[in-house]
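Structural characterization, general
Here's the letter readout for the chains.
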Amino acid sequence: METYSVKQIADMLNTKPETVRRWIRTGKLRAEQSSRKDGNVITEGDLNNFLKSSPKYAGLIAGAAISTIAAPFAAIPLAGSIVATYLAASKKAKDSENSSFSSDDVKKYLKEEIARRDASIKQKLKTIEQIQQEIANDQQQISECKFILTQLEEKD
């Protein structure tokens, strides 16, 4: 069975090594420490158990059952991740009902995701607009201060 270092897992999951170490300390991720010098070693099985139990990373190992539906989205990294995560969660929920999810489920989820992200963008644009107004006000005040300073320096 393959083993991984903390750094390798951090790289795979696009996170920081300290985050992986925290998962180990809190018991979320099982690891062996052969020596303090070599650090923690995580087996493939322990990594898979962690990924299965973590909603954020469940999409990484969603399995063959959902790979056929997620495959068309694989060329688009973010979409593939979003769809795989959704499908993994849907599969868990529907396994208890012995049914499967449909492309309509994926379409519904993607529409909801689009709406959510659109709302987020609108809020961010509004914040940018407010910040730009604050910058313009600050620039105006700087100009006024410079003008007054110039006037005072001319009198001296």
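This text follows the structure it describes.
So, a few notes on the structure that sits alongside this text. These numbers come from a predicted model, not from an experiment.

Focus on the packing of aromatic side chains
- This structure, assessed with the given rule, holds 1 aromatic pair.
- Ring geometry for Trp23 against Phe50: centres 4.5 Å apart, planes inclined by 35°, an arrangement best described as tilted. Taken together, the residues span a long stretch of sequence, with Trp23 in helix α2 (residues 17-25) and Phe50 in helix α3 (residues 44-53) at a distance of 27 residues.
- Classification of Phe50 by relative accessible area gives buried; the value is 5%.

Considering the side chain of Thr19
- Following the sequence through the fold, Thr19 ends up in helix α2.
- When its relative accessible area of 15% is taken as the criterion, Thr19 is described as buried.
- One polar contact links Thr19 to Thr15, side chain to side chain, over a distance of 3.5 Å.

Some remarks on the sheet that holds strand β2 (residues 32-35)
- The strand order β1-β3-β2 describes an open sheet built from 3 strands, whose pairing is antiparallel. Across the chains shown, the open sheet's two edge strands, defined by having one partner strand only, are β1 (3-5) and β2. Going across the sheet, the axis of each strand differs from the next one's by a mean of 40°, ignoring polarity.
- Relative to strand β3 (residues 39-43), β1 runs antiparallel, the two being bridged by 3 bridges. Bridged to Tyr4 within β3 is Ile42.

Rules used in this analysis
Residues numbered from 1 in each chain as written. Predicted model: local features only at pLDDT ≥ 70, side-chain atom pairs only at ≥ 80, totals over all residues. Heavy atoms only, no water. Phe/Tyr/Trp six-rings, centres within 6.5 Å; stacked < 30°, edge-to-face > 60°. Helix = DSSP H or I, 4+ residues; strand = E, 2+ residues; numbered from the N terminus. Buried < 20%, exposed > 50% of the residue type's maximum accessible area, 1.4 Å probe, protein only. Polar contact = N/O pair within 3.5 Å; in protein donor to acceptor, adjacent residues only side chain to side chain. Pairing = 2+ DSSP bridges. Axes fitted to C-alpha atoms, helices over the stretch in contact; angles between N-to-C directions.

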